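Each chain, letter by letter, is given below.
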Amino acid sequence: MAVRRSTGNGKRRRKVQSPVLARSPQRAVLRVAPPAQRVPPPPDEARRMRAKMETALAEANRAHERLREAIELLPEAMVFLDAEGRYILWNKKYAEFYRRSADLFAPGVRLEDTLRVGVARGDYVEAVGREEEWIAERLGQLRQPDGGRHEQWLADGRCILIEERQTSDGGVIGLRVDITEMKQREASFRLLFEGNPVPMIICNPDDAVVVSANEAAMAHYGYDQAEFETLTLRDIQAFDTELPWRDQSADDEGSARTWKHVKVDGSLIDVAIYARMLTYDGRPAVLLALIDITERKRAEARLTFVAQHDALTGLPTRNLLRRHIDETLARGRRAGDKVALLLLDVDNFKIINDTLGHDIGDELLRNVARRLRSSLRDEDAVARLGSDEFAIVQSAVMRPEDAVLLAKRLIDAVSHPYLFNGHSVVVGASVGIALAPGDGEDSDNLLKSADMALSRAKQDARGGYCFFEKGMDASAQARRRIEADLRAAIDGDVLRPHYQPLVDLRSGRITGFEALVRWPHPERGMIPPSEFIPVAEETGLINAIGGAMLRQACIDAATWPDEVRVAVNLSSLQIRAGNLLSVVMDALKRAGLPARRLELEITETVLLDKSDEVAATLHALRALGVRISMDDFGTGYSSLSYLRSFPFDKIKIDRSFVHDLGANRDAQAIVRAIISLGKGLGVTITAEGVETEAELICLRDEGCHEGQGFLFSKARPHAEIVQLLHAQRMARGQAMLGVDPIMVA
Ligand code: C2E
Ligand code: MG
Ligand code: MG
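Below, the structure is looked at part by part. Being a predicted model, the structure only gives us computed values, none of them experimental.

### Some details on the overall build of the protein
Next up, step 1: When you go through the protein residue by residue, the secondary structure sums to 30 helices and 26 strands.
Next up, step 2: Looking at the protein residue by residue over its 745 residues, the buried ones come to 45%.
Next up, step 3: The long-range share in the protein, meaning contacts at least 24 apart out of those at least 6 apart in sequence, stands at 57%.
Next up, step 4: For the protein, the computed accessible surface area is about 38,300 Å², with 53% contributed by carbon and sulfur atoms.

Structure (structure tokens):
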């Protein structure tokens, strides 16, 4: 083997002659002055010179040996050629790389000759079909003065990187590295890159010049490879933003960031970019995978819009409003401006919805939203919070009056009649106003304050506006406390009916009692219904309370004389709950009370709900024999039409008309009209709130049938009623009850 020969034992080495020495400059010096041309030295001198030469030769041999050992340690293959391209020295690795030609290597053999044999054997795949040309090229590379660097593919599939440098004596030192694995990796990368369906480009990390683009990138962006290579990444970035691989920590590498890119046709796309540093063609490069997320972003934006906007009106919903409020508050703080939050509630929307149908209800809300929007400046915002509740954010408010002006404008806009399918619909609106700074420093608190102001506006008088006041917070807290206590009271069965007599004004006899709920609170004493019935109605607790009162009233009434009736108040919510008929029947049955002895008092609000269910329930109750009374008559909106819509058994004139009846002629006229109306309809007329003798006389003169009021008695616990009824039995035979001292409150 050639390798053995070149690195074999000393004998062989001597025989082979050290090529390095043969061609070394020292040897050249020796040749310049050959001993034959000199005068023979004297014998002593000749001995000395021979000894010197032998020492030098031994030294050279040792140096050669060291060099040989040194190149064997190198991981690369290495070869030395002389100026004629002849082999001088090579290491084992070299022989290994060119194992198919290794048998040809020998000192003094020309590289060109080994190449020729190798080419003829087909050892160099790139030479196949162009043998002479290839050999010429190869020898040309060898003679390049600054050293050549090129790759060479061998027949066994390996790729060798060749680096060659000329030595000072015209020879060549050649280094060889096996780069087969790297080439295979590169080939797989190219395959992956070029055939990848994801648009990819490779850039120079320093100047962002595009080095290569794959098919998908060309198709997506519309540039061909040549055009791409004239661009830098900045040319396709829509904005002059940082390059994707800059400002990117090692942790970020591989994670996507989004950019706006521009295609050749000028269209903008959103791109998620995955950047990865790598070596490409032996140079540092950055590989960018460009994923078009334009559609995804659009879909996300659509979803976000849908999530943040109300489907019916297209207005922002509560979440978006909150953000808007907080931003407006922050801007207001910086500018030193006030911000007003107005909550607007459409009055009686529920009735419109129930009576005219949901389509018209929806149409109404869409119209309200449109009118609100068009009543605002561009910088103000409107959102829909609940079914008929809207929020308006007014920025740059200088004085509270600015908010008042807006509130009035909005109420006015909403209150103009609407025309739907030939129906003219009129609604009102109430507005609660909260101002910042002052009423809340963030969206949640400002909303809470405006909500309290709205509740007050609705309580006070519908169709108006109301500013938030500090006390409202306390009253809202008190309301929450009442709710909690009321739940406990219901659970503990603490609520009791008290009974207030209804007196026949002609005979003076008690015809019945109205059951009025009483709440004995452990700390606050007796809490009046006006304080907790509205809370019970808001929270739905009224169903439990109403049911309990009805059952207890029936049980108590069953112990009274047969001609004495009991009147129980019903909330409109109980009627809408849907099970009222069975609740009433059950109460009557349990108590053993005939239906004719039960009166149910309803107010006009019940009849505002024109749904078939409400009418059917009332008719069914009446069919049972239960009497239905209209309570608080005269305080509603259009009482006369309601009188026609349902055959009431009794009308109770609201105590506001009875009050001052003796002194006030207008009140007298109204009461007289109601009494004659009732008589015309053939129903019993009861006057509520009779407090004075004068009122009693007046009512009796007008022909009013019944009276109820403190003049006769306040509402009393059942035990006292039992005594009262006993006293009445005792007084039987008297023509008139009059002002019985027992009965005066
Ligand atoms: P209402 O049904 O109109 O009951 C009559 C109210 O007038 C009672 O007030 C009664 O105490 C009061 N009153 C009676 N005579 C006079 C008088 O001469 N002068 C004055 N100033 N007031 C008089 P109360 O008990 O405070 O009840 C208030 C309202 O609470 C009732 O008005 C009724 O709407 C409601 N309510 C009471 N109990 C119940 C109940 O069990 N269920 C329902 N849903 N509502 C109830
Ligand atoms: Mg009543
Ligand atoms: Mg009443």
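### Some thoughts on the coordination of the magnesium ion (ligand 2)
Next up, step 1: Protein ligation of the magnesium ion (ligand 2) involves Glu514 (OE), Asn569 (OD1), Glu601 (OE) and Asp631 (OD), the donor distances falling in the range 2.0 to 2.2 Å.
Next up, step 2: The sequence motif formed by the donor residues of the magnesium ion (ligand 2) is E-x54-N-x31-E-x29-D.
Next up, step 3: In this structure, the magnesium ion (ligand 2) lies 3.9 Å away from the magnesium ion (ligand 3), the two metals sharing Asp631 as a donor. With Glu514 in strand E19 (residues 510–521) and Asp631 in strand E23 (residues 627–633), the pair connects residues that are 117 residues apart, well separated along the chain.

### Let's talk about the site of ligand 1
Next up, step 1: Neighbouring ligand 1 are 21 residues; Gln500, Asp631, Arg655, Glu691 and Phe710 lie closest to it.
Next up, step 2: For ligand 1, an oxygen atom lies 2.9 Å from a polar atom in the side chain of Arg518.
Next up, step 3: Between a nitrogen atom of ligand 1 and a side-chain N or O atom of Glu691, the distance comes to 2.5 Å.
Next up, step 4: Computed on the free molecule, ligand 1 has an accessible area of 790 Å², of which 82% lies beneath the protein chains in the complex.
Next up, step 5: Elements supplying a minimum of two residues to the shell around ligand 1: E19, helix H20 (529–539) and E23.
Next up, step 6: Top contributing element to the shell around ligand 1 by residue count: E19, with 4 residues.
Next up, step 7: Its residues assigned to classes, the shell around ligand 1 shows 8 nonpolar, 5 polar and 8 charged.

### Re a negative patch on the surface
Next up, step 1: A cluster of acidic side chains, namely Asp326, Glu327, Glu441 and Asp442, defines a negative patch on the protein surface.
Next up, step 2: Tracing the backbone through its elements, the reader meets Glu327 in helix H14 (residues 318–335).

### Structural notes on the environment of Val397
Next up, step 1: With respect to the helices and strands, the residue Val397 is situated in strand E13 (residues 389–397).
Next up, step 2: Overall, Val397 belongs to the buried group, its relative accessible area being 2%.
Next up, step 3: Distance in space between the C-alpha atoms of Val397 and Gly332 is 8.9 Å, their sequence separation being 65 residues.
Next up, step 4: Setting aside chain neighbours within four positions, we find Val397 in contact with Asp337, Lys338, Val339, Ala340, Asp402 and Leu435.

### A closer look at the sheet that holds strand E3 (residues 149–153)
Next up, step 1: Spatially, E2-E1-E5-E4-E3 is the arrangement adopted by the 5 strands of the open sheet, whose pairing is antiparallel. Among the strands making up the open sheet, the edge pair consists of strand E2 (87–90) and E3. Here the strands of the sheet are splayed against their neighbours by 25° on average, with no regard to which way each runs.
Next up, step 2: Note that strand E1 (residues 77–81) and strand E5 (residues 172–178) share 5 bridges and pair antiparallel. What sits directly across from Leu81, in E5, is Val172.
Next up, step 3: Relative to strand E4 (residues 159–166), helix H8 (residues 131–142) is tilted by about 45°, and along the sheet it contacts E1, E3, E4 and E5.

How each quantity is defined
- Residues numbered from 1 in each chain as written.
- Chains lettered and ligands numbered in written order.
- Predicted model: local features only at pLDDT ≥ 70, side-chain atom pairs only at ≥ 80, totals over all residues.
- Heavy atoms only, no water.
- Helix = DSSP H or I, 4+ residues; strand = E, 2+ residues; numbered from the N terminus.
- Buried < 20%, exposed > 50% of the residue type's maximum accessible area, 1.4 Å probe, protein only.
- Contact = heavy atoms within 4.5 Å.
- Areas by Shrake-Rupley, 256 points an atom, 1.4 Å probe, with all protein chains shown as cover.
- Donors = N, O, S within 2.8 Å, 3.2 Å for Na, K, Ca; no water.
- Near = heavy atom within 4 Å.
- Polar contact = N/O pair within 3.5 Å; in protein donor to acceptor, adjacent residues only side chain to side chain.
- Nonpolar A, V, L, I, M, F, W, Y, C, P; charged D, E, K, R; others polar.
- Patch = residues over 30% accessible without salt bridge, like charges linked within 9 Å, V, L, I, M, F, W, Y side chains within 5 Å.
- Salt bridge = Lys/Arg side-chain N within 4 Å of Asp/Glu carboxyl O.
- Lys, Arg positive; Asp, Glu negative; His and termini not counted.
- Charge placed at Lys NZ, Arg CZ, Asp CG, Glu CD.
- Pairing = 2+ DSSP bridges.
- Axes fitted to C-alpha atoms, helices over the stretch in contact; angles between N-to-C directions.

Distances and angles like these do not, on their own, reveal function.
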